[in-house]
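One-letter residues, chain by chain:
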Amino acid sequence: MPLTDMPDFAGTILQEFTSRGTTRVDTPVIQPAAPFLDMAGEDLRRRIFLTENERGESLCLRPEFTIPVCLRHIETATGTPKRYAYLGEVFRQRREGPQEFYQAGIEDLGDIATAAADARAIADSVAILTRLLPTKLLAVTLGDQSVFEAVVKALGLPAGWQKRLIQAFGNPAQIDQLLRTLATPTPVPGLAPEVSVLLAKGDQEALIAHIDQTMQETGYLTNASRTPVEIARRLKEKLELSETRLDGAALLLLREFLSLELPLADASAALAGFADAAGLKLGAALTRFDERVAALSSTGVDLSRITYRAAFGRPLDYYTGLVFEVIVEGKPAVLAGGGRFDRLLTLLGAESHIPAVGFSLWLDRIETERADAAIRKVDAGFRTESPRKEGSK
């Protein structure tokens, strides 16, 4: 969508943002690429438009707003809590539609009342979309990465496997492949016989010495990005992961959890029942979930329009808890999406922990729905218009 094609309802969105006490912020279109490559996730990484400056530093066209807004907050040393609003172009490859398009949204930084902030993000996105699409029936899908993390941890998997599964959250095909691997472990391929023997013995010092000698003999040491100690640690981790097998009962429990899909109003009881039946301690995660449901109820959002899906995630690695998307019921296009990203600001350089939640609106998709609504209104007018009486002017 070219810059000249700013949607005519952009002013309405900005009014909605202002009424919610936000501070409008803009960020440069050209951004350092590293934060996106390191933290945004594989799905976004492969769709970024990359370039370099004269010093050879990697840059990119702004593919989303959350990371730039957080970086700006850190650089300006602004206190929290703070609510930022943005509206501007983002640039990334898409299977369908233009490669540059408008997004708008709110980033809510530093509010320690996380349940209320989560509920506000969902309620605000639904309210703004309702104003823009008053004739459309909206539906919300909600997931919670922290509940999934609690289930994985309670099953007693090694840290490496927990990390793999958590990184795959929201990607059904990848999760399924990992569960298949857990059911039928496979050996680490490509290990030299000497390395395999030392790993089997658990002789860490001998393994490090062997790796060090090999690196020096091959001349790799001078260009190595990892030390022999780091390589040995990584090999040990790979071996542990390859030898880990999750018993059938635990696999069934994990698959049962991921199959949960029900109205949000019923989700708390279902999760508590699952945890009790499985003998899993999910206390803190379920408490936060219940608090969010209660906070959402107090906002006036119709909980019957919200579905909790245990396997639902969004393709950005920085999410840590709540994730959600809003659509027009019966249509696949996501009009709004967001979630909680409590670790992101610390990873970007913030000196202290800053809880954060936010959402984005996809303006080109909203524009399509508004055009559809206008066409339907005209069609309905033609159908209901009374025929002229004979002789009338």
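Heads up: the structure comes first, above all this text.
Residues numbered from 1 in each chain as written. Predicted model: local features only at pLDDT ≥ 70, side-chain atom pairs only at ≥ 80, totals over all residues. Heavy atoms only, no water.

**Student:** Just to check I follow, could you spell out the overall build of the protein for this structure?
**Tutor:** Scanning the protein from terminus to terminus reveals 16 helices and twelve strands. Looking at the protein as a whole, 46% of its 393 residues qualify as buried. In the protein, the proportion of contacts linking residues at least 24 apart, taken out of those at least 6 apart, comes to 70%. As displayed, the protein has an accessible area near 20300 Å², and 53% of this comes from carbon and sulfur atoms. (Helix = DSSP H or I, 4+ residues; strand = E, 2+ residues; numbered from the N terminus. Buried < 20%, exposed > 50% of the residue type's maximum accessible area, 1.4 Å probe, protein only. Contact = heavy atoms within 4.5 Å. Areas by Shrake-Rupley, 256 points an atom, 1.4 Å probe, with all protein chains shown as cover.)

**Student:** Looking at this structure, I do not really get the environment of Glu16. What am I missing?
**Tutor:** One can find Glu16 in helix H1 (residues 10-19). In this structure Glu16 comes out as buried when scored by relative accessible area, which is 11%. In sequence terms Glu16 and Ile128 are 112 residues apart; their C-alpha atoms lie 6.8 Å from each other. Glu16 has contacts with Ile128 and Arg131, leaving out every residue within four places of it along the chain. Within the structure, Glu16 has its side chain in polar contact with the side chain of Arg131 (distance 2.7 Å). (Polar contact = N/O pair within 3.5 Å; in protein donor to acceptor, adjacent residues only side chain to side chain.)

**Student:** How should I be thinking about unusual backbone geometry in this particular structure?
**Tutor:** Leaving glycine aside, a negative phi is the common case for residues, and trans is the common case for peptide bonds. The linkage connecting Thr80 with the following residue, Pro81, adopts the cis geometry, with an omega of 0 degrees. Within the secondary structure layout, Pro81 lies in the loop between helix H4 (66-75) and strand E5 (82-91). Positive phi, close to 50 degrees, is recorded for Ala77, a residue that is not glycine. Along the chain, Ala77 falls in the loop between H4 and E5.

**Student:** Help me out: how do you make sense of the side chain of Lys136 in this one?
**Tutor:** Examined against the element boundaries, Lys136 turns out to sit in the loop between helix H5 (114-132) and strand E7 (138-144). Looking at Lys136, its side chain comes within polar contact range of the side chain of Glu369, at 3.1 Å. Discounting residues that sit within four places of it in the chain, Lys136 has contacts with Val328, Lys331, Glu369, Asp372, Ala373 and Arg376.

**Student:** Quick question: what am I supposed to make of the sheet that holds strand E1 (residues 23-24) here?
**Tutor:** Backbone hydrogen bonds are what pair the strands of a sheet, in a parallel or an antiparallel way. The strand order across the open sheet built from nine strands is E1-E5-E6-E12-E11-E10-E7-E9-E8, with neighbouring strands paired in mixed fashion. This sheet does not close on itself; its edge strands, each paired only once, are E1 and strand E8 (261-263). Bridge count between E7 and strand E10 (residues 322-328): seven bridges; the pairing is antiparallel. Considered in E10, the bridge of Ala139 is made with Ile327. Lying over the sheet, helix H13 (residues 264-278) contacts E7, E8 and strand E9 (306-309), oriented at roughly 125 degrees with respect to E8. Contacting E7, E9 and E10, helix H14 (residues 283-299) crosses the sheet at an angle of about 160 degrees to E7. (Pairing = 2+ DSSP bridges. Axes fitted to C-alpha atoms, helices over the stretch in contact; angles between N-to-C directions.)

**Student:** Hey, could you run me through the packing of helix H6 (residues 145-154) against helix H12 (residues 248-258) in this one?
**Tutor:** Packed helices, taken two at a time, are described by the angle between their axes plus the distance between the axes. Relative to each other, H6 and H12 sit at 170 degrees, their axes nearing to 11 Å. Relative to H12, the element H6 lies roughly antiparallel. Taken together, the residues of H12 that come into contact with H6 (itself represented by Val147, Phe148, Val151 and Val152) are Leu254, Phe257 and Leu258. Here the contact of H6 with H12 is built from residues that sort into seven nonpolar, no polar and no charged. (Parallel < 35°, antiparallel > 145°, perpendicular 65-115°, else oblique. Nonpolar A, V, L, I, M, F, W, Y, C, P; charged D, E, K, R; others polar.)

**Student:** Honestly, the nonpolar core in this entry has me stumped. Any pointers?
**Tutor:** Across soluble globular proteins, you tend to see nonpolar side chains buried next to one another. Counting residues in hydrophobic clusters, the biggest one holds 107 residues, and the most contacted among them are Leu165, Phe257, Leu264, Tyr308 and Leu361. A total of ten residues in this core trace back to one element, the largest contributor, which is H5. (Core = buried A, V, L, I, M, F, W, Y, C linked by side-chain atoms within 4.5 Å.)

**Student:** What am I meant to see in the pairing of E5 here?
**Tutor:** Regular strands place their side chains on alternate faces of the sheet. With nine of ten residues buried, E5 is to be regarded as a mostly interior element. Bridge analysis of E1 against E5 gives two bridges, and the strand direction is parallel. By the bridge assignment, Thr23 is partnered in E5 with Tyr84. Note that E5 and strand E6 (residues 100-109) share ten bridges and pair antiparallel. Bridge assignment links Glu89 to a residue of E6, and that residue is Tyr102.

**Student:** Is there a simple way to think about the packing of aromatic side chains in this case?
**Tutor:** For any two aromatic rings, the description comes down to two numbers: the centre-to-centre distance and the angle of the planes. Applying the stated rule across the entire model yields eight aromatic pairs. Between Phe148 and Phe257, the ring centres sit 6.4 Å apart and the planes meet at 20 degrees, which makes this aromatic pair stacked. Residue Phe148 is located in helix H6, and its partner Phe257 is located in helix H12; the two are separated by 109 residues in the primary sequence. Geometrically, the ring pair formed by Phe289 and Tyr308 is edge-to-face, given 5.1 Å between the ring centres and 75 degrees between the ring planes. Of the two residues, Phe289 sits in helix H14 while Tyr308 sits in strand E9, which places them 19 residues apart along the sequence. We classify Phe289 as buried; its relative accessible area is 1%. (Phe/Tyr/Trp six-rings, centres within 6.5 Å; stacked < 30°, edge-to-face > 60°.)

Taken by themselves, the reported measurements are silent on function.
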